[in-house]
Number of protein chains: 4
Amino acid sequence: MYNNTFGNIFRLTSFGESHGKAIGGVIDGFPAGITIDEDFIQQELNRRRPGQSSITTSRKEADAVEFLSGIYEGVSTGCPIGFVVWNTNQHSSDYDNMKDIYRPSHADYTYTQKYGLRDHRGGGRSSARETIARVVGGALAKLALKQLGIHVTAFTSQVGIYRLDKDYTQYDLSNIEKNPVRCPDPELAKIMEEYIFNIKGEGDTVGGVISCVIKGCPVGLGQPVFGKLHAALGNAMLSINAVKGFEYGQGFGSMNLKGSQQNDIFYNDNGNIQTRTNRSGGIQGGISNGQDIYFKVAFKPVATILMEQPTVDIHGNDTVLKAKGRHDPCVLPRAVPIVEAMAAMTILDYYLLDKASHL
Amino acid sequence: MYNNTFGNIFRLTSFGESHGKAIGGVIDGFPAGITIDEDFIQQELNRRRPGQSSITTSRKEADAVEFLSGIYEGVSTGCPIGFVVWNTNQHSSDYDNMKDIYRPSHADYTYTQKYGLRDHRGGGRSSARETIARVVGGALAKLALKQLGIHVTAFTSQVGIYRLDKDYTQYDLSNIEKNPVRCPDPELAKIMEEYIFNIKGEGDTVGGVISCVIKGCPVGLGQPVFGKLHAALGNAMLSINAVKGFEYGQGFGSMNLKGSQQNDIFYNDNGNIQTRTNRSGGIQGGISNGQDIYFKVAFKPVATILMEQPTVDIHGNDTVLKAKGRHDPCVLPRAVPIVEAMAAMTILDYYLLDKASHL
Amino acid sequence: MYNNTFGNIFRLTSFGESHGKAIGGVIDGFPAGITIDEDFIQQELNRRRPGQSSITTSRKEADAVEFLSGIYEGVSTGCPIGFVVWNTNQHSSDYDNMKDIYRPSHADYTYTQKYGLRDHRGGGRSSARETIARVVGGALAKLALKQLGIHVTAFTSQVGIYRLDKDYTQYDLSNIEKNPVRCPDPELAKIMEEYIFNIKGEGDTVGGVISCVIKGCPVGLGQPVFGKLHAALGNAMLSINAVKGFEYGQGFGSMNLKGSQQNDIFYNDNGNIQTRTNRSGGIQGGISNGQDIYFKVAFKPVATILMEQPTVDIHGNDTVLKAKGRHDPCVLPRAVPIVEAMAAMTILDYYLLDKASHL
Amino acid sequence: MYNNTFGNIFRLTSFGESHGKAIGGVIDGFPAGITIDEDFIQQELNRRRPGQSSITTSRKEADAVEFLSGIYEGVSTGCPIGFVVWNTNQHSSDYDNMKDIYRPSHADYTYTQKYGLRDHRGGGRSSARETIARVVGGALAKLALKQLGIHVTAFTSQVGIYRLDKDYTQYDLSNIEKNPVRCPDPELAKIMEEYIFNIKGEGDTVGGVISCVIKGCPVGLGQPVFGKLHAALGNAMLSINAVKGFEYGQGFGSMNLKGSQQNDIFYNDNGNIQTRTNRSGGIQGGISNGQDIYFKVAFKPVATILMEQPTVDIHGNDTVLKAKGRHDPCVLPRAVPIVEAMAAMTILDYYLLDKASHL
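Residues numbered from 1 in each chain as written. Chains lettered and ligands numbered in written order. Predicted model: local features only at pLDDT ≥ 70, side-chain atom pairs only at ≥ 80, totals over all residues. Heavy atoms only, no water.

By the naming in an unreviewed UniProt entry, chain A goes by Chorismate synthase and is assigned to Phocaeicola barnesiae. The UniProt entry for chain A carries this comment under Pathway (unreviewed entry): "Metabolic intermediate biosynthesis; chorismate biosynthesis; chorismate from D-erythrose 4-phosphate and phosphoenolpyruvate: step 7/7." Under the UniProt heading Sequence similarities (unreviewed entry), the entry covering chain A gives this text: "Belongs to the chorismate synthase family." (UniProt positions renumbered as here; feature names shortened; annotations may be inferred.)

Novice: Go over the packing of aromatic side chains, please, and point to the residues and values.
Specialist: For the structure shown, the criterion picks out 44 aromatic pairs over all chains. With a centroid separation of 5.4 Å and 55° between ring planes, the pair formed by C:Tyr109 and D:Phe266 is classed as tilted. Here D:Phe266 lies in strand β12 (residues 266-269) and C:Tyr109 lies in helix α2 (residues 108-115), a pairing that spans two chains. (Phe/Tyr/Trp six-rings, centres within 6.5 Å; stacked < 30°, edge-to-face > 60°. Helix = DSSP H or I, 4+ residues; strand = E, 2+ residues; numbered from the N terminus.)

Novice: Can you lay out the interface of chain D and chain B for me, pointing to particular residues and giving the numbers?
Specialist: Contact with chain D, which involves 45 residues of that partner, is made by 45 residues of chain B. Across the interface of chain D and chain B, roughly 3,400 Å² is buried in total on both sides, 60% from carbon and sulfur atoms. Area buried by chain D at its contact with chain B is led by D:Phe15, D:Leu68 and D:Tyr72, which between them contribute 19% of it. Our count for the contact surface shared by chain D and chain B stands at four salt bridges. Between D:Lys99 and B:Glu73 there is a salt bridge, and its shortest N-O distance comes to 3.4 Å. Inspection of the chain D/chain B interface yields ten residue pairs in polar contact (both at pLDDT 80 or more). For the side of chain D that touches chain B, the elements supplying multiple residues, two or more each, are β2 (11-15), β3 (22-28), β4 (65-67), β6 (75-76), β7 (81-86) and α2 (108-115) of chain D. Ranked by the residues each element gives to the side of chain D that touches chain B, the list is headed by β2(D), at four residues. Residue composition of the side of chain D that touches chain B, by class: 18 nonpolar, 16 polar and eleven charged. (Contact = heavy atoms within 4.5 Å. Buried area = accessible area lost by both parts, 1.4 Å probe. Salt bridge = Lys/Arg side-chain N within 4 Å of Asp/Glu carboxyl O. Polar contact = N/O pair within 3.5 Å; in protein donor to acceptor, adjacent residues only side chain to side chain. Nonpolar A, V, L, I, M, F, W, Y, C, P; charged D, E, K, R; others polar.)

Novice: Outline the pairing of strand β7 (residues 81-86) of chain B, supporting the account with residue identities and numerical values.
Specialist: The side chains of a regular strand alternate between both faces of the sheet. Residues and elements named next belong to chain B. For β7, the tally of buried residues reaches five of six residues, placing the bulk of the element in the interior. Pairing between strand β3 (residues 22-28) and β7: six bridges, direction antiparallel. Its bridge partner being in β7, Gly-24 is matched across the sheet by Val-84. Here three bridges tie strand β4 (residues 65-67) to β7, and the two strands are oriented antiparallel to one another. Bridge pairing links Glu-66 to Val-84 in β7. (Buried < 20%, exposed > 50% of the residue type's maximum accessible area, 1.4 Å probe, protein only. Pairing = 2+ DSSP bridges.)

Novice: Now, about the relation of the copies chain D and chain B: what can you tell me, with residues and values included?
Specialist: Take chain D, turn it by 180°, move it 0.0 Å along the axis, and it overlays chain B with an RMSD of 0.0 Å. What the superposition gives is, in effect, a two-fold axis relating one chain to the other. Comparing contact sets, 100% of the residues at the interface of chain D also lie at the interface in chain B, consistent with an isologous, same-surface contact. (Least-squares fit on C-alpha atoms with pLDDT ≥ 70 in both.)

Novice: Residue-level account of the interface of chain B and chain A, with values.
Specialist: In this complex, chain B contributes 107 residues to the contact, which on the side of chain A involves 107 residues. Carbon and sulfur atoms supply 61% of the area buried between chain B and chain A, which totals about 8,100 Å² over both sides. Seen at the junction of chain B and chain A, the total is four salt bridges. On inspection of chain B and its partner chain A, the count reaches 45 residue pairs in polar contact (both at pLDDT 80 or more). Of the residues belonging to the side of chain B that touches chain A, the class tally is 46 nonpolar, 43 polar and 18 charged. Strand direction decides the pairing type here: strand β11 (residues 243-248) of chain A and strand β11 (residues 243-248) of chain B, joined by three bridges, are antiparallel. Each bridged residue has a counterpart across the sheet, and for A:Phe246 the counterpart in β11(B) is B:Phe246.

Novice: Just give me the short version of the relation of the copies chain B and chain A, but keep the residues and values in it.
Specialist: Rotating chain B by 180° about the axis while translating it 0.0 Å along that axis superimposes it on chain A, leaving an RMSD of 0.0 Å. Interface residue correspondence from chain B to chain A reaches 100%, placing this contact among same-surface, isologous pairings.

Novice: I'd like a description of the sheet that holds strand β4 (residues 65-67) of chain A, backed by residues and values.
Specialist: Residue and element names in this part refer to chain A. On the basis of which strands lie adjacent, the open sheet formed by five strands has the order β1-β2-β3-β7-β4 and antiparallel pairing. For this open sheet the edge positions go to β1 (5-6) and β4, each flanked by a neighbour on one side alone. When β1 meets strand β2 (residues 11-15), the two strands line up antiparallel, connected through two bridges. Considered in β2, the bridge of Phe-6 is made with Leu-12.

Novice: Tell me what's going on with the sheet that holds strand β11 (residues 243-248) of chain D, and back it up with residues and numbers.
Specialist: Taken in spatial order, the ten strands line up as β9(C)-β8(C)-β10(C)-β16(C)-β11(C)-β11(D)-β16(D)-β10(D)-β8(D)-β9(D) in an open sheet, and their pairing is antiparallel. Edge positions in the sheet fall to β9 (162-163) of chain C together with β9 (162-163) of chain D, since each of these pairs with one other strand and no more. As judged from the five bridges shared by strand β11 (residues 243-248) of chain C and strand β16 (residues 293-299) of chain C, these two strands associate in the antiparallel manner. Its bridge partner being in β16(C), C:Val243 is matched across the sheet by C:Phe299. Contacts between helix α5 (residues 229-238) of chain D and the sheet are confined to β11 of chain C together with β10 (208-215), β11 and β16 (293-299) of chain D, with β11(D) contributing the most and set at about 160° to the helix. Taken strand by strand, helix α7 (residues 332-355) of chain D contacts β8 (151-159), β10 and β16 of chain D, and its axis lies near 145° from that of β8(D). (Axes fitted to C-alpha atoms, helices over the stretch in contact; angles between N-to-C directions.)

Novice: Give a description of the packing of helix α5 (residues 229-238) of chain B against helix α7 (residues 332-355) of chain B that names residues and reports values.
Specialist: All names here are of chain B. It is at 9 Å that the axes of α5 and α7 come closest, and there the two elements cross at 145°. In terms of crossing hand, the pair formed by α5 and α7 is right-handed. Listed contacts from α7 to Leu-229, Ala-232, Leu-233, Ala-236 and Met-237 of α5 are Val-339, Met-342, Ala-343, Thr-346, Ile-347 and Tyr-350. Residues belonging to the contact of α5 with α7 are distributed by class as follows: ten nonpolar, one polar and no charged. (Left-handed = near helix turned anticlockwise from the far one by under 90°.)

Novice: Lay out the side chain of D:Arg103 in plain terms, naming residues and giving numbers.
Specialist: Looking at the secondary structure, you find D:Arg103 in the loop between β7 and α2. Taking the relative accessible area as the measure of exposure, D:Arg103 reaches 5% and is therefore buried. A polar contact of 2.8 Å, which involves the side chain of D:Arg103, links it to the side chain of D:Asp108. Among all residues touching D:Arg103, those that are not within four sequence positions of it are C:Phe266, D:Tyr95, D:Met98, D:Asp108, D:Gly123, D:Thr304 and D:Leu321.

Novice: Residue-level account of the pattern of salt bridges, with values.
Specialist: One pass over the structure, following the stated rule, counts 80 salt bridges over all chains. A salt bridge links D:Arg182 to D:Glu177, with the nearest nitrogen and oxygen atoms 3.0 Å apart. For D:Arg182, a relative accessible area of 6% corresponds to the buried category. Looking at D:Glu177, the relative accessible area reads 42%, which means it is partly exposed. A single salt-bridge network, built from bridges that share partners, covers A:Glu44, A:Arg47, A:Lys142, A:Glu177, A:Arg182 and A:Glu340.

Novice: So what about the packing of helix α5 (residues 229-238) of chain C against α5(D)? Which residues, and what values?
Specialist: The relative placement of two packed helices is expressed as an angle between their axes plus a distance between the axes. Packing of α5(C) against α5(D) leaves a shortest axis separation of 8 Å and a crossing angle of 165°. Our classification of the angle between α5(C) and α5(D) gives roughly antiparallel. Note on packing geometry: the crossing formed by α5(C) with α5(D) is right-handed. Contacts from C:His230, C:Ala231, C:Ala232, C:Gly234, C:Asn235 and C:Leu238 of α5(C) reach α5(D) at D:His230, D:Ala231, D:Ala232, D:Gly234, D:Asn235 and D:Leu238. Residue composition of the contact of α5(C) with α5(D), grouped by class: six nonpolar, six polar and no charged. (Parallel < 35°, antiparallel > 145°, perpendicular 65-115°, else oblique.)

Novice: An account of the pairing of strand β16 (residues 293-299) of chain A is needed here, citing residue identities and associated values.
Specialist: Residue and element names in this part refer to chain A. With respect to burial, β16 is a largely interior element, five of its seven residues being buried. Of the pairings in the sheet, the one linking strand β10 (residues 208-215) to β16 comprises seven bridges and is antiparallel in character. Bridged to Ile-214 within β16 is Ile-293.

Novice: So, helix α2 (residues 108-115) of chain A: which residues are in play, and what are the values?
Specialist: Counting buried positions over the eight residues of α2(A) gives seven, a clear majority of the element. Among the residues making up α2(A), those that are buried are A:Asp108, A:Tyr109, A:Thr110, A:Tyr111, A:Thr112, A:Lys114 and A:Tyr115. Residues of α2(A) that are buried sit in contact with β12 (266-269), β13 (272-275), β14 (283-284), β15 (287-288) and α7 of chain B. Positive phi shows up at A:Gly116, right after α2(A), with a value of about 85°.

Novice: Residue-level account of the UniProt feature "binding site: FMN" (unreviewed entry) in chain A, with values.
Specialist: UniProt records the feature "binding site: FMN" (unreviewed entry) at A:Arg125, A:Ser126, A:Ser127, A:Asn241, A:Ala242, A:Gly285, A:Lys300, A:Pro301, A:Val302, A:Ala303, A:Thr304 and A:Arg326, using the numbering of this structure. The annotated residues occupy 202 residues of the chain and do not converge on a single region, their most distant C-alpha atoms lying 44.7 Å apart. Mapped onto the elements of the fold, A:Ala303 is located in the loop between β16 and β17 (308-312). Judged by its relative accessible area of 6%, A:Ala303 is buried. Apart from residues lying up to four places away in sequence, A:Ala303 is in contact with A:Pro104, A:Ser105, A:His106, A:Gln309 and B:Asn263. Take A:Thr304: it is sitting in the loop between β16 and β17. Classification of A:Thr304 as buried rests on a relative accessible area of 9%.

Right, dumping it as C-alpha cells:
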C-alpha cells in the first residue's frame, strides 16, 4: 500500500497534522475476539510521548488515545477500529517565522512543490507527530501477537559514534526501559545520555541506530518473491521519519567473510530443525525460518537545529532561519517504540497473509 | 503489493521456476504510445545473462525475450504486455542429490515448511533466475523514463573488502560497462575481478555492495507517509535475492556528524532552488527534491558453494551436501542490471502515482 | 479494495457503529488545492439525515461533520482528510430485547458466525448509519468533480409498484429535491409519498429503485479489463445496504430488441463524435464515451418491520421478535444522496486512475 | 484490483489480444498442494470454445492451455501459475476494412480516445477472446472449491424474450450441458436454439440472461462494508464483455412484496440454523449465510452484426460498416462457463480473505 495506509490485511490508515485538531487513524483487518488492554496501549504511547526525560523535547502532551469504534465490551469485533489523539499543546506561533521558509533537510520544499501548498505549522503532515497513529496500531498488533507467542523488542544500539559492540544476544534486554536512552548496556546508556544532553545544549542534533529483534515468529511468514518478509520490514522502517537505512542479518557488515563462513548450517535439535548460527537474520528466501528475526535501522540527526542556517523562502529569496520551538536533540529514544510498532504491524499482517495462502 | 506482483500503477507480475518451462510475466499499467526497442531490452537481458565472463557461472542461456501482447506495430498500446523467456539449458540432474536436502542459507527449508512441497530443481521459484522478469520490466520502464529525461545507473562499489572510497560523483560512470565487474574505477575493477576469480577457484563465494544513482528525477515523486519514495526503493531492492541491506543518502555512515553538519542548505541557482550538498540523497520527507537520488544495496555471498557442508534432509536426518552445477562466485556483476531494473520500475510507478495525485 | 476501504487512488476508509461513539473516516488521495465548502458537505449530510420528513424514521440526529485534518485555511492540502460525525441520539435500550436474537434478513446471524460476536445495538457496523461516511466522501468528490464539469444526479424512480415509465431525459430533474420522495415527477411523487406513509402506518416496509445519471464525464475513464467503469460503479452500488441489483444502459430490459436495434450509431456532430442513441449507457468496452452515464439500483424493503416475526436466538431456540425503535418504512428517499456519493467517488477515482495511465 | 488483475488474494492477471500471439495469464495466490487436473481445465475451455455448435461462431480454435510454472509433478506449489493459450486461427484480414472505423457499440472509439491507438484486429484487447484466461483461472478455482464442497453452476435462463418462468430449484440442472444453449429446460432450450439459429441467418444478434447458483458455500464469506460478497460477485460479472446488469436474491423483481412478505425467517433445523425462504440469495449484510447463493447476469446482444451500419471513421468522416468474419449471434451459451469462472474465482478469493480475517 502507499500514501497513508500501511499493510495488506491488517491495515492502518492514519491522518493528522502536527498542529491540526488531532492525530488519528483507522485499523482495519484486526481479528475479532481480542481483549483490548487500553492501559497497555496508553503505556506504549507514553514511551513515545515528548517530555519524558531531559534528553527529549520539553513539550508536554497527554497523547491520550480515544477509541471510537470496533471494540465492544472491551473486545475487538472485527470491525474497523477508529481512534483519535487530540492535539492539546500546540504552539503554532513558534512557526510563524517559518511560514514562507524552506527549512533545510525538511519536507517543506518537497511538499510545497508536490501539493502547491502546505500546512507549515510544526511540519504539518510531515511531522513525526504522525507516528502516534503507528504506535496505536503497533500496540494493537502486539496484543494479537502476544496470543501467538511473538514478541518484538527494539533498543538504541548507537548514538553518534557511541555504539554497542556485541550482538543483541550478549545483552540483558530487560535493561532497555531502565534508562532514558533505551540502550540495554547501562554503562553505554549513561555515556549516550550525557552526549545527547550536551548536543541539546549546543542547539544541535545527533543520529544513531536502533536494533530490533523479533522472537517467537513461526516458520513460514513471508510472501515470495516481491513480498519477502524482510522487504516488508525494510519498507516499514524506511517509512519512519529520519530513517536512512535498513539491514537485517549480516547486513552491510562482514564483507570479509566468504559464503563458506557465513552460511547457517542446519541441524536436528531433538526433532526441531534449527540453524547453528543465525547470520541470515531469521529469514531465508524471504520467509521466516523460526530463528530470531533481527535488523537495524539508521536514523539521521533531526533536521531542526536551534542554530542559524541560510536558506531560501518560497519566493526564492535568500534568508536565514533560526528555529524556535521545543525539539528533540536525538530522535532515537522516542523512536524505539515506533520501530517496534512498525515491526509488530508487519508481522501480524504477514501472519494473516500466510493464513490466506493455504486452503 | 506482495507475492509475485510489484508496483502500484506500473505493475509487473512474474512467474516461472529455474528449471520449469519458462520465466515470464505480465506488465500492466505501462503507458500507451511508447516505441518498444526490443534490441535495447535484449541488451539489458544480456547484461544479466549467465556465462558473460570468466567470473560468472559458465551456464550458457540465450535468455531471449518473446513478447506476446500489448505491443502493436512496435508501439505499446496501454494493454498488458505478456512475455516469456524460455528455459533452454537446464541441467536438472545436477540437483538430483539435493531433492531431499535442505541447502544451508537457501530457501529450501522455508519453502517446504510454508507450502508443504517445493520444486527443488535449481531452487525453483526462489532461484535468482526469476529476476529475468524484473530485467524485462525494468527495460520497459527505462524506455518510458528516457522520454522523461530520467536515467538510472548502478555499479559495483564493493566486493568483499575491496571498495570504492569516494562517492559516485568522483568517478566516470561511463567506465562501468567496460569491465566484467561493472565497477567505474578501472584499477579497482581489476583487483575485484582477480579476487572473484580466485574465490571461484576455491569453490567459495563472496558478497559486496551495489550503488545506484538516479539522475533527472523531477521534484515531487513520493507518496507520504507510508509511500515515501525511499521506502519504495528500499522495498524494491530488498526483494532481490541475497540482498541484506539498503541505505540512501548518508545512510548508516557519518554518525560522527551532527545535524548542523549534515543538513543540506537550499540556495537559489538562477531561479532553480537547489541544495549545496546532497546528504539527503535526493529525497526529503519521502518526496524527491530534484537532486540526484542515490543509494546502496548490500548483497551477501551466494549461498551455493562447491564445498562440503553438513546439513539435514527433509526427514531430519544428518547428511552432508556437496553442490554440483554451475554457480556464480559473486552475484554483484550480474545484479547491477537487476538493481537498475527495480529502481527504474519504482520511479516510473511513482511518476504515475504522482500524476494521479493531482486533479 | 475490500473491507472498509473504498477506491483505488481516491480512497475512503470508514469506521463506526450505529450506537458507538461516532461514525467517521479518512479520505486519502484527495487532490490538493480544492476549496472545501463545508456548508455544501453538511447539506449533503442533511439530505441523508433521519427525521427530515414524515416518511422517514422519526429519529433526530444532527449528523454534523467535524474535519480533523487535511484542510488548511479552507483548502485541501493533499494530506489525508480525517473526519468524525458524533452519535448523539442513540436509544440503545430499544435494542435490549434483540441482543441474543437473529433478526430475519439482517446481518445479525452472519456477523455473529463470522466474527464470533457482534455489537447488536442498532445493527452495529452493519447499520446503514455507516453510510454517513460515504456521504462525506461523496460530497468531497463532488467538489472536485465540479471543477471538472462533472455532475451526478440520482432520484427515486420506483417505490413498490409505482414507477416512472419514461427515461430520465423526459423529466425535469430540478424537481427532485422539491418533494420528500426525491422523484422528478411531482404527480408520481405524491402517490409514492402517500403509499410509503400508509406502509409506515402498517409497521411494514417497501423497496424500490433509484436511478442515477452522470453528466459531463469525459471520454476515456475506465480501466479494462477487470476495472471496467460500470463494473466499478456496480461494485460501489452493491456495497450500499439493502441493494439487490444494478443495471446500466439497456440493462435487463429490451430483450425483445436485436443487436441491429440496440447498437448506438456514431455520427460527427460538428467535429464531435457522438452517438445517435445511448443504449450503451455512456460506457463502451468499460470506458466512458462522453455520453451521459446512467444506471439503476434496486433496493429491497427494509428488513426491520414493526410486526411480530418468528425467528431463533443465538442458542438456537425458537422465539418471536417484535422490533421497537424508530425505523424507515422505505430507504429510497434517504438513499438518493448515498447513490450519488458512491457514484461521485467512483468517477473521481477513475478520473485519477486515468491520469496515471498516461506518461 | 483494477486493470488486468482480478482478485485480492487469489489473483488472476491476464494478457493478450484477439489476434496477437497468445492469450495468457498468471494466477497468484493459488494454494499449494492441489492436484491439477489438466483434463478438467481443458474441458472447461472447450465449453467456452468457438465452433462447438451451429449457434456459435464457426471459428475453429484448439484453445489448448499450456502451463508454464507453479505446478510440479502435477500438484500446485504455491508459486505463480503462468499459462498461455496460443492463437492459431486468426483471420486478421477480415478486419482490414475496420482498421480506421469505429464499430457501433464496440470499444473501438473509447480505446482509441483513451490510449491514442488500438490494435483493431478482432477487437484487440477488448475482444471476448480475453475471457479464455478467466476460464483457466476459474477452472483452477473450481478444483480448489471442490475440496471445500463448493460447487458453481450457471445456465442460460433467457434468450431474447424466451425465458424460464420458475426459479432454479424447479429445474434439473443436470440437463444444462445436454443442449447447445445450456438451458436446464429441454423444451425451452429447443425454442431458444431455433430462435438463435434464425437470428444468425438474419446476420443479427440477440441478448439474454445467465443465472448462476453456488451451493455449499460456508457461512461467513464476505468482507463488510465495501467488500460485501455480492458486491464482489457483481463486480466480477459486470467485468465480462457485454454484461449490462447484475442482481442477486430478489433483485429488481418482487417490488409488489413488502418487507413482511420478503424477510427470510430463521428456524432451527436439527441444530442447523436455516432460513425458510431464501429471498436474500444466500447473503445477508454482505456475508454468506450458508444458503444457496444465486444471481442473474444480463447480456446485451453482440454488437457485431453482419448488416450495414452507418458510422464514422477515426478522421470523423461518415462511412458505412459491413462486418465480415465469423461471429456469435448470441453470446449466452459460451458465456455460461465464463460466469461460472468469475464466480468460482470470487468465492475462492473470499474464502482465503476470510481465513486472513481470523488470528
